[in-house]
Amino acid sequence: NSLKSQNSQHRNPQLFIMTEIHLEELSTLHINNVLMEMLSIDNANRTMPLATLCQKRTKGNPFHLMTFLNMLQEESYLEFNVGSFQWTFDMEIIEKKTSASLNVVQMV
């Protein structure tokens, strides 16, 4: 009998609540703050060129930003240097290698 009541609860649509979240476009400053936190970099000037490029490629979409950053790491354009305990990236390489697509929206 308890199994029967559990099954009927799963069929009850009132048990599933969906919440819609509206996310605004992230500005370059917001993206820079995200990068500084994620990469443990205190110098905003060091990450600002990457933030500017990320904003350009993702149009500030938070989900596309994460996809783009994951791609940068997977392609070794963004790497953690164990010797210096720092994240490293070469803006010239990132710009060249990611310029084929105008933005992540087209990639996804």
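Structure's up top.
About the thresholds
- Residues numbered from 1 in each chain as written.
- Predicted model: local features only at pLDDT ≥ 70, side-chain atom pairs only at ≥ 80, totals over all residues.
- Heavy atoms only, no water.
- Helix = DSSP H or I, 4+ residues; strand = E, 2+ residues; numbered from the N terminus.
- Buried < 20%, exposed > 50% of the residue type's maximum accessible area, 1.4 Å probe, protein only.
- Contact = heavy atoms within 4.5 Å.
- Areas by Shrake-Rupley, 256 points an atom, 1.4 Å probe, with all protein chains shown as cover.
- Core = buried A, V, L, I, M, F, W, Y, C linked by side-chain atoms within 4.5 Å.
- Pairing = 2+ DSSP bridges.

J.: It is not clear to me how the overall build of the chain should be interpreted in this structure. Could you clarify?
T.: Secondary structure summary: the chain contains six helices and two strands in total. Element order for the chain, N to C, with α for helix and β for strand: α-α-α-α-β-β-α-α. Split into buried and exposed, the 108 residues of the chain put 31% on the buried side. For the chain, restricting intrachain contacts to residue pairs at least 6 apart in sequence, the fraction spanning at least 24 positions comes to 57%. In the form shown here, the chain has an accessible surface area of approximately 8,100 Å², with 53% of it arising from carbon and sulfur atoms.

J.: It is not clear to me how the nonpolar core should be interpreted in this structure. Could you clarify?
T.: In this structure, Leu-39, Leu-50, Leu-72 and Phe-89 are the most contacted members of the largest nonpolar core, which totals 20 residues. For this core, the elements supplying multiple residues, two or more each, are helix H2 (28–39), helix H3 (44–58), helix H4 (62–74), strand E2 (86–89) and helix H5 (91–98). Element by element, the count of residues in this core is highest for H4, at five residues. Non-local contacts of Leu-72, meaning those with residues more than four positions away in its chain, are made with Leu-50, Tyr-77, Leu-78, Ile-94 and Thr-98.

J.: Honestly, the pairing of E2 in this entry has me stumped. Any pointers?
T.: Across a regular strand the side chains alternate sides, sitting on one face of the sheet and then on the other. Along E2, the buried face is formed by Trp-87 and Phe-89; none of Gln-86 and Thr-88, which line the opposite face, is buried. Here four bridges tie strand E1 (residues 78–81) to E2, and the two strands are oriented antiparallel to one another. Its bridge partner lying in E2, Asn-81 is registered against Gln-86. Where E1 folds back onto E2 in an antiparallel hairpin, the turn is made up of four residues, including Phe-85, whose phi is positive at roughly 55°.

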